[in-house]
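The lines below spell out each chain.
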Amino acid sequence: MKSIRRKAVCTALAAIAFGISAAGSAGAQTPKRGGILEFVVPDEPPSYDGHREGTFALIHPVGPFYSLLIRINPDNPSSLTDIVCDVCVGKVPAPTDDNTTYTFKIRGDVKFHTGEKLTAQDVVATYKKIIWPPEGVRSQRRQMYSMVESVNAPDDSTVVFKLKFASNAFIPALASPFNWIYQKSVLDKDMHWYEKNINGSGPFIFKEREAGAFMRGERNPDYHHKGLPYLDGFKAIFAKKESLRVQAIRGDRAAIEFRGFPPAARDDLVKALGKEITVQESVWNCGISFVPNHKRKPFDDVRVRRALTLAVDRWGGSKYLSKIALVKTVGGITYPGHALSPTNEEMQQIAGWWPDIKKSRAEARRLLKESGADLSKEYKFLVRGVDQPYKIVATWLVDQWKQVGINFKQETHPTGPYLNILRQTKEFDVSTDASCNYVVNPLVDVTKYLSADRSSIQYGQFIDRDVDAAYDKMIRLTDVKEQRKLMLDITKLTLDTHANQFSILWWHRIVPHRSYVKGWKISPSHHMNQHLDNVWLDK
Amino acid sequence: MTGEAIAVRLPRADIEAELAAARRPFFKALGTWVRNQPLGTVSLLGIIFLIFMAIFAPQLSPFDPVVPHYDEMLAAPNAEYWLGTDQYGRDILSRIIWGARTALYIGFTCAILGSTLGLVLGVASAYIGGWFDLVIQRMIDVFLAFPLIILALVAVAVFGTGTDKVIIAIALPFVPECARVVRAGALALRELPYVDAARALGFSNLRIILRHIVPNCMATYLIMLTSFLGQAILTEASLSYLGLGVQEPNAAWGLMLQGGAEEYAESAMWIAVFPGLAITLAVFAFNLFGDALRDTLDPKLRAR
């Protein structure tokens, strides 16, 4: 009886404690207005034009100055499908005309920072620049819109996208965080104006930039999402060295770095700051891979390429490398967990993903022997000169290959020369490679694995018409089940049967930040959810 | 007339001391040197230890320096891994021992290559003189205007990364430095009576250079060589630290620092401390030994 009473009292106390805590936390979750968010950025923007660039170094400091037509839901950015309107009205429209027409209604209260109204004409001019850039104007993601036939504005508040064929890839592609809405009148005068100037309609107004030091933005009082942003402004501090960025957060000179830190930095910050640090983690929509040069012997032989992938213990690598590098999840060529991606069980049927590494390596040795590859030679392994995760994974890979008797000499180059070798000279036997994407959109993301004459970012120089045919069929389908089947075919062809190029592990995004930073939620890409309009400081 | 002038500059006592030193048995001379140069002696012992470590690396190192032990990643120094392990679980002690081989191989190769080419260029420039000397010296002026690491970085950018290319990158900047110092000595030697006498006797220029000038430049050459050894080790470590020198998974001290110094400075400080210590001690040893050698070989310093 006593025991029951004690239990009841304990339960009641626990309930009260939980209630207080819940009430407290609910109170703490009420956004506060004001304050300046200081964050560190590992690099500086190469230009201010989001349509031409593809780097987080632009998105993080400049993204908050711009609006998008649609965007990933900032309150639910980890969702792979939750896309909401930014300058359009209501929900993202459903397609009509056999899923080939999308009609967007544009809000009437959106203003550029110059005070001029944003209309459907501005949206159309923006997307025409992105999809069909004039000669001499670079558009980094134009290939993502191959399904678009036309984009028009029948009036100042309506935008109509007409597609050549129905495609599930269209809406995620449209939500690219780089598709900043520019002003038509400015573009009409000078298509390059936005490369050196900023005039957006986003939650913050550009104030100043001190090259090599920082960039500052102030609250836009006329922002179209009423009541937002909460912050008075932000200061993006440029700091290339990781140790400096970690120390900046530790010393509270900055509250967050949005790209992501390696595990050691997270552990140091947590150890030093305890509850003052909150850590958000997510599978990253970036995969590290290696690509053999199909034009060089012995890597022109599918048996040698299969041996390379069979030698790699991805399941073991995930366990060990995740402790020292920002990689973790075992997956194929598409974002793990997406409806179109293979399950772990399906992946385990693919060479190189077999759970029994001894069996894999025995097969690798057999294939190498059968191929007659010269194993006395040291082959050239091109490595991008960036520690996380390239150099670390590369060192691990060399050891993996050594275990089946094939030796590689690492040749590390800074990013510029490295890309030059991949794109121009092609003097490598095998190279590290990566695929870093924005909105999770496997239908577009796998274009990297198409034949060399169709993909400008495929560096293995292979032509695989089977993969091309499967892709062309898949992109025209809208039935997810059928698409998934074809995606599995492409995965098997790429990684196993034709052994073209090999994913290793998917990156793991770790963002430790000061606990007073509220409202910001991690997404699978360091390019997404960077408007900062729902971020507030609990100070 | 010239002979008298020399007699004034070199007192008889000095000449006798020179001759006595030359006649002294090796071990006695060594004993005198040890007494006179205690720091030099310690540094010499350090260098001998380094050389021993480099030669017998396979026998001395407890583990293969490139083989990772993933279950022992970032292990603190313990009974099995005396200096701990790095982020790949590789034994740091073994990597330091093998790193000595890399450091000494690159150090000696660069120092010998740089100072020998410098000797040839300096002597040739001094002896030939005229427009040749003028052109060479202006080129040397240009090279000397840049710090060693900058020149090495430029050379790496031109030749690429990897051990062999790093050797060229480091040795190249040594050449003008040595050539300038050697030329100064060779210019004085060129005017001495015995060189005039050799010329009068009709000896060829090559013979005069090889038999009468180069041997008298050897003291300068050796001093430059030892000073280059430390510099070469440090520059190799710097290049490797910048990711432009020796490449993973090879064991090299600078590379060991590059891999984990910053990231694990707090959680696994042994990754940075021990290779850093190895670099410091090696460079210190070579520099001290170079100083001691200079004190021994330079007659002016010896007289003091």
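Residues numbered from 1 in each chain as written. Chains lettered and ligands numbered in written order. Predicted model: local features only at pLDDT ≥ 70, side-chain atom pairs only at ≥ 80, totals over all residues.

1. Some details on the overall build of chain A
- A count of helical and extended segments in chain A gives 17 helices and 18 strands.
- Scaling as 2.2 N^0.38, a compact globule of 539 residues should have a C-alpha radius of gyration of about 24 Å, and chain A matches this with 25 Å.
- With respect to the principal axes defined by its C-alpha atoms, chain A has extents near 75 × 70 × 50 Å.
- In chain A, which comprises 539 residues, the share counted as buried stands at 49%.
- For chain A, the share of sequence-separated contacts (at least 6 apart) that also reach a separation of at least 24 residues comes to 70%. (Helix = DSSP H or I, 4+ residues; strand = E, 2+ residues; numbered from the N terminus. Rg over C-alpha atoms; globule rule 2.2 N^0.38 Å. Buried ≥ 20, exposed ≤ 12 C-beta atoms within 10 Å, placed from the backbone. Contact = placed C-beta atoms within 7 Å.)

2. Description of the overall build of chain B
- For chain B, the count of helices and strands is 14 helices and 0 strands.
- Along chain B, from the amino end to the carboxyl end, the secondary structure elements read α-α-α-α-α-α-α-α-α-α-α-α-α-α.
- Structurally, chain B occupies a C-alpha span of about 80 × 45 × 30 Å along its principal axes.
- Look at the contacts in chain B between residues 6 or more apart in sequence, and 69% of them connect residues 24 or more apart.

3. Looking at the nonpolar core
- Grouped together as the largest cluster of nonpolar side chains are 228 residues, with contacts concentrated most on Phe39 and Val393 of chain A together with Val123 of chain B.
- Per-element accounting of this core gives the leading share, 16 residues, to helix α6 (residues 92-128) of chain B.
- With residues near it in sequence (within four places) discarded, Phe39 of chain A still touches Phe234, Ala236, Ala254, Ala255, Ile256, Glu257 and Phe258 of chain A. (Core = buried A, V, L, I, M, F, W, Y, C linked by C-beta atoms within 7 Å.)

4. Considerations on the sheet that holds strand β8 (residues 214-219) of chain A
All names here are of chain A.
- Read across the open sheet, the 5 strands follow the order β7-β8-β9-β1-β10; overall the sheet is mixed. Each having just a single partner strand, β7 (204-210) and β10 (256-257) make up the two edges of the open sheet.
- Relative to strand β9 (residues 233-238), β8 runs antiparallel, the two being bridged by 5 bridges. Bridging across to β9, Glu218 finds its partner in Gly233. (Pairing = 2+ DSSP bridges.)

5. Describing helix α16 (residues 465-475) of chain A
Residues and elements named next belong to chain A.
- For α16, the full list of buried residues reads Val467, Ala470, Tyr471 and Met474. Buried residues of α16 fall within an arc of 100° about the axis and therefore sit on the same side. Exposed and oriented more than 90 degrees from the buried face of α16 are Arg465 and Asp472.
- Tucked inside the fold, the buried residues of α16 contact α15 (442-445) and α17 (480-497). (Arc of directions from axis to C-beta.)

6. Topic: the interface of chain A and chain B
- On the side of chain B, 16 residues touch chain A, which itself brings 18 residues to the contact.
- Looking at the side of chain A that touches chain B, the elements that each hand over two or more residues are α7 (242-250), α8 (263-273), α10 (314-324), α13 (387-402) and β14 (407-413) of chain A.
- Of the residues contributing to the side of chain A that touches chain B, the split by class is 6 nonpolar, 5 polar and 7 charged. (Nonpolar A, V, L, I, M, F, W, Y, C, P; charged D, E, K, R; others polar.)

7. Describing helix α12 (residues 357-371) of chain A
All names here are of chain A.
- Between its first and last C-alpha atoms α12 spans 21 Å; for 15 residues at 1.5 Å apiece the expected length is 21 Å, and the two agree.
- Buried residues of α12: Ile357, Ser360, Arg361, Ala364, Leu367 and Leu368, and no others. Buried positions in α12, seen along its axis, are confined to an arc of 120° and lie on one side of it. Exposed residues lying more than 90 degrees from the buried face of α12 are Lys358, Lys359 and Glu370. (Expected span 1.5 Å × (residues − 1).)

8. Details of the sheet that holds strand β12 (residues 327-329) of chain A
Residues and elements named next belong to chain A.
- Spatially, 6 strands are ordered β12-β16-β11-β15-β13-β14 in an open sheet, and the strand pairing comes out mixed. Strands at the two margins of the open sheet, each flanked by one partner only, are β12 and β14. For this sheet the average axis-to-axis angle between neighbouring strands, irrespective of direction, equals 40°.
- As judged from the 7 bridges shared by strand β11 (residues 277-292) and strand β15 (residues 430-436), these two strands associate in the antiparallel manner. Note that in β15 the partner of Phe290 across the bridge is Thr432. (Axes fitted to C-alpha atoms, helices over the stretch in contact; angles between N-to-C directions.)

9. Here we look at the pairing of strand β1 (residues 36-41) of chain A
Residues and elements named next belong to chain A.
- Among the 6 residues that make up β1, 5 are buried, leaving the element largely enclosed by the rest of the structure.
- Summarising the sheet, β1 and β9 pair through 6 bridges and their orientation is parallel. Looking across to β9, one finds that Leu37 is bridged to Phe234.
- For β1 and β10, the ladder comprises 2 bridges, and the chain directions are parallel. Bridging from a neighbouring strand, Val40 pairs with Glu257 of β10.

10. Concerning the environment of Val404 of chain A
Residue and element names in this part refer to chain A.
- For Val404, the location among the structural elements is in the loop between α13 and β14.
- When the C-alpha positions of Val404 and Glu363 are compared, they lie 9.4 Å apart, and in sequence the two are 41 residues distant.
- Ignoring sequence-local partners within four residues, the contact set of Val404 consists of Ala307, Ala311, Arg361, Ala364, Arg365 and Leu368.

11. Points about the packing of helix α7 (residues 130-144) of chain B against helix α9 (residues 163-190) of chain B
Residue and element names in this part refer to chain B.
- Running from N to C, α7 and α9 cross one another at 125°; their axes reach a closest spacing of 9 Å. Between α7 and α9, the angle falls in the class oblique. The two elements α7 and α9 meet at a crossing, and its hand is left-handed. Residues Ile140, Phe143 and Leu144 of α7 form the contact with α9, whose participating residues are Pro173, Pro176, Glu177, Ala179 and Arg180.
- Class assignment for the residues of the contact of α7 with α9 results in 6 nonpolar, no polar and 2 charged. (Parallel < 35°, antiparallel > 145°, perpendicular 65-115°, else oblique. Left-handed = near helix turned anticlockwise from the far one by under 90°.)

12. Let's talk about the confidence of the model for chain A
- In this model, chain A carries a mean pLDDT of 92, and residues with pLDDT of at least 70 account for 95%.
- For residues 1-27 of chain A, every residue scores under 50 in pLDDT, and the model assigns this stretch 0 contacts once sequence neighbours within four places are set aside. (pLDDT = per-residue confidence, 0-100.)

13. A closer look at the confidence of the model for chain B
Residue and element names in this part refer to chain B.
- Counting all residues, the mean pLDDT for chain B is 87, and 90% of those residues have values of 70 or more.
- Looking across chain B, the model is least confident in helix α1 (residues 2-9), with a mean pLDDT of 46, and most confident in helix α5 (residues 57-60), with 96.
- Note on residues 1-8: pLDDT under 50 across the span, and 2 contacts to partners over four residues away in sequence or across chains.
- On the interface metric, ipTM, the complex scores 0.77, and its pTM is 0.82.

14. Quick notes on the packing of helix α4 (residues 38-55) of chain B against helix α13 (residues 270-297) of chain B
Residue and element names in this part refer to chain B.
- Close contact between α4 and α13 brings their axes to 8 Å; oriented N to C, the two are set at 130°. On the basis of the axis angle, α4 is oblique to α13. Note on packing geometry: the crossing formed by α4 with α13 is left-handed. Touching Leu39, Gly40, Ser43, Leu44, Gly46, Ile47 and Leu50 of α4 are Leu281, Ala282, Ala285, Phe286, Leu288, Phe289 and Ala292, all from α13.
- Class assignment for the residues of the contact of α4 with α13 results in 11 nonpolar, 3 polar and no charged.

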